[in-house]
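Observations on the three-dimensional arrangement
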Amino acid sequence: MRHIGGIPIALAEREGLMESYALLIAATLNAGTVLAIAALGLLINEKVGVVNLGAEGMMLCAAIAGFAAVVHTGSDLAGFLAGMGAGALLGAIFGVMVIYLGTNQYATGLALSLFGVGFSAFVGISYVQEKLPPRTQFEIPFLADIPLVGAAFFKQHPLVYGVIAFVLALIWFLYKTRTGLVLRSVGESPESAHALGYSVRRIRFLAVMVGGALCGLSGAYISVVYTPLWVEGMVAGKGWIALALTTFATWRPARILLGAYLFGGVTMLQFHLQGLGVQVPSQLLSALPYLATIVVLALISRNPAWIRVNMPASLGKPFHPSS
Amino acid sequence: MTVLNKRSILKIAAISLVTAAALVACGKKEEAKPAAAPKAEPLKVAFVYVGPVGDGGWTFAHDNARKELEKQFGDKIVTTFVEKVPESADAERNFRDLASQGNKVIFGTTFGYMDPMLKVAADNKEIKFEHATGYKTADNLRTYDSRTYEGAYMAGVIAGKMTKTNTLGVVASIPIPEVIRNINTFTMGAQSVNPKVKTKVVWINEWFNPPKETEAATALINGGADVLMQNTDSSAVLQTAEKMGKRAFGWDSDMTAYGPKAHLGSAVINWAPYYIKSVGEALDGKWTTGQSWWGVKEGAIDMVNVATDVPDDIKKRVDEIKAGLKDGSFAIWKGPIVGQDGKEVLAKDVVADDKFLGGIKFYVKGVEGKVPN
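Let's talk about the overall build of chain A
Summing up its helical and strand segments, chain A has 13 helices and 0 strands in all. Starting at the N terminus and walking to the C terminus, you meet the elements of chain A as α-α-α-α-α-α-α-α-α-α-α-α-α. Scaling as 2.2 N^0.38, a compact globule of 323 residues should have a C-alpha radius of gyration of about 20 Å, and chain A matches this with 21 Å. Summarising its shape, the C-alpha atoms of chain A cover approximately 80 × 50 × 40 Å along the three principal directions. Residue burial in chain A is summarised as follows: out of 323 residues, 50% are buried. Excluding contacts between residues fewer than 6 apart, the proportion of contacts in chain A whose partners are at least 24 apart in sequence is 77%.

So, in structure tokens, the structure goes:
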């Protein structure tokens, strides 16, 4: 923003700086959304006692599925649905193995992750040079026109707002509804839930599929909206960060969202600082998002009792009705 | 506690096997073409890539050149490639494998293969090794590189004219002389047509990470840059510019298709002339060690698909630069060149030699920020 006749340069520059802060906030919300969607999916998995280390692989497969769907149909919605479908399908395969066949959750999850990386690269070969139809810029009428605030908050993809609504809905569902209680009890004490007549394995299986679908939605968001292209390995570790977020956020939906924004914010901030010429080694800046997220979330959850209350007691443990 | 019984161990083993099989099936190695009834035994040529051939940039350019090479020599040669070989102990094993499979010319296409290749070359004197971007040689190991900065200069000339904010942005990878040189040369090109230009740089400390490249590009645009360049391997920067209504360049490979509205031109590397020369020499028994650094002159560097809205005088200037580099009448790194601190780094009329170019660790005037150490 150049200075306009009459306005002192300092003021004009401050205005430019303010605007760049507004854009920083906008970029933060966008970056956080990717992580939050996947982490909330993994939270649902973990609430029923299943750890799925396959997030990265599921997100990659969903990214290529979503990208391919948009290439062929031209519709972003089709892309999101394809991504969710791919995620749910892989979630289902994972679920059959760990829930019905009783395989080790960690080993199976790692295998799924490795498989997803390789498989997505394999099926994606012919899509490497493809491009998507022009991307739409979203904005909320009237609100987007407010100076600074509009640029910061009201020019986002609908999913950015969708994830906030979803967190509220999830909190209500998990803590205020009977179904939510059943879901949590399956993760806390599958034996009790079973004794009460609930099908532990079916509930776990459904939750794992829903979790997979959300990881898939996040993957599709990456390849369709966030970085609209397909190259192999493009999720670049976001699945692992989402996994870590669920633990650091002590399995609380609202904290996951905050943690995701924090991580996204510090990620964007390091580039922003570099752009401003701040003299911090860029290697240290690259490590900053991880460091900041770990420190803040560790501080929030430093109370061991709090962790014990929130961590699903049967996390990672298989359940067999006859045992 | 989970008790591992015999059945679950078997299941885990089965899953591991299936996964391993799937990964192998996904293909690390690919026999490119079986020789069709060879009269003489065809020369076996192998390539080792650091990235996936599908990166759309660096490795993609190497693999296109490999295909050109096959076209050139037909059934006189057989080529093989191994992709995604990390710059670690794994690299040495791969080179040894390829050597034992009877390959007679082996190309390694990233800096980090330098020491592994040197070791394997010492044990396989009859095989010719070609190492891209390195500096160590042996009797049967030589190096080759391309003058990517020539492409960066031409991109700069276009960028300097097309910027409205007089602020350019570069998404940079790893702070080594090659990348710093490209940032400087890009800025020098821009200043040659628009002295007011400033360049902002954001380092991501990786060659290939599309989401990070996107975030860095977004930060640069938010900071006022309206023309972007990148020294990373994917097309994410160009795509981000497309999405945000700014301009950018393709790098290593032609990236027009990724961002048709944003695309100002692609600074491409064509490795084919060198590969054809090298294999030709090996076939004729004329291969000797050495070091090559090819640019526009040898057909290794080009600026392609310049956007239609770039003014004609700038297009003409780009063509003049190409012609000047070809016949040697124009040198990019010719003094006076002033460093960021205002001190002269190259005196008037002095042309930098390759040693100078290989050791650039400073920013020239007009680049903002500090070089990470």
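That was the structure; now back to the text.
Quick look at the environment of A:Arg255
All names here are of chain A. With respect to the helices and strands, the residue Arg255 is situated in helix H11 (residues 253-276). In sequence terms Arg255 and Leu297 are 42 residues apart; their C-alpha atoms lie 8.5 Å from each other. Those residues in contact with Arg255 that lie beyond four places of it in its chain are Ala249, Thr250 and Ile300.

A closer look at helix H4 (residues 105-124) of chain A
An ideal rise of 1.5 Å per residue puts 28 Å on 20 residues; H4(A) measures up with 27 Å between its terminal C-alpha atoms. Of all 20 residues that make up H4(A), 14 are buried, and the element is covered over most of its length.

Overview of the sheet that holds strand S11 (residues 263-269) of chain B
In sheet architecture, strand pairing relies on hydrogen bonds along the backbone and comes in two forms, parallel and antiparallel. All names here are of chain B. Spatially, the 6 strands line up as an open sheet ordered S8-S7-S9-S10-S11-S13, and their pairing is mixed. Since the sheet does not close on itself, it has two edges, and those belong to strand S8 (198-203) and strand S13 (301-304), each with one partner. Recorded for the sheet is a direction-independent mean angle of 20 degrees between the axes of neighbouring strands. Two elements, strand S7 (residues 167-172) and strand S9 (residues 227-230), share 4 bridges in a ladder whose sense is parallel. Of the residues in S9, the one forming a bridge with Gly169 is Leu228. The sheet contacts of helix H8 (residues 236-243) involve S7, S9, strand S10 (247-252) and S11, and relative to S10 the element is tilted by about 165 degrees.

A word on the interface of chain A and chain B
Opposite the 49 residues of chain A that make contact, chain B presents 42 residues. Contributions of two or more residues to the side of chain A that touches chain B are made by helix H1 (9-47), H4, helix H9 (200-226), H11 and helix H12 (282-300) of chain A. The biggest single contributor to the side of chain A that touches chain B is H4(A), with 10 residues.

Structural notes on the packing of helix H10 (residues 238-248) of chain A against H11(A)
All names here are of chain A. Put simply, H10 and H11 touch, their axes get as near as 9 Å, and they point 130 degrees apart. Classified by the interaxial angle, the pair formed by H10 and H11 is oblique. The hand of the H10/H11 crossing is right-handed. Contacts between H10 and H11 pair Ile241, Leu245, Thr246 and Phe248 from the former with Ile256, Gly259, Ala260 and Phe263 from the latter. A class-by-class count of the residues in the contact of H10 with H11 yields 6 nonpolar, 2 polar and no charged.

Analysis parameters
- Residues numbered from 1 in each chain as written.
- Chains lettered and ligands numbered in written order.
- Predicted model: local features only at pLDDT ≥ 70, side-chain atom pairs only at ≥ 80, totals over all residues.
- Helix = DSSP H or I, 4+ residues; strand = E, 2+ residues; numbered from the N terminus.
- Rg over C-alpha atoms; globule rule 2.2 N^0.38 Å.
- Buried ≥ 20, exposed ≤ 12 C-beta atoms within 10 Å, placed from the backbone.
- Contact = placed C-beta atoms within 7 Å.
- Expected span 1.5 Å × (residues − 1).
- Pairing = 2+ DSSP bridges.
- Axes fitted to C-alpha atoms, helices over the stretch in contact; angles between N-to-C directions.
- Parallel < 35°, antiparallel > 145°, perpendicular 65-115°, else oblique.
- Left-handed = near helix turned anticlockwise from the far one by under 90°.
- Nonpolar A, V, L, I, M, F, W, Y, C, P; charged D, E, K, R; others polar.

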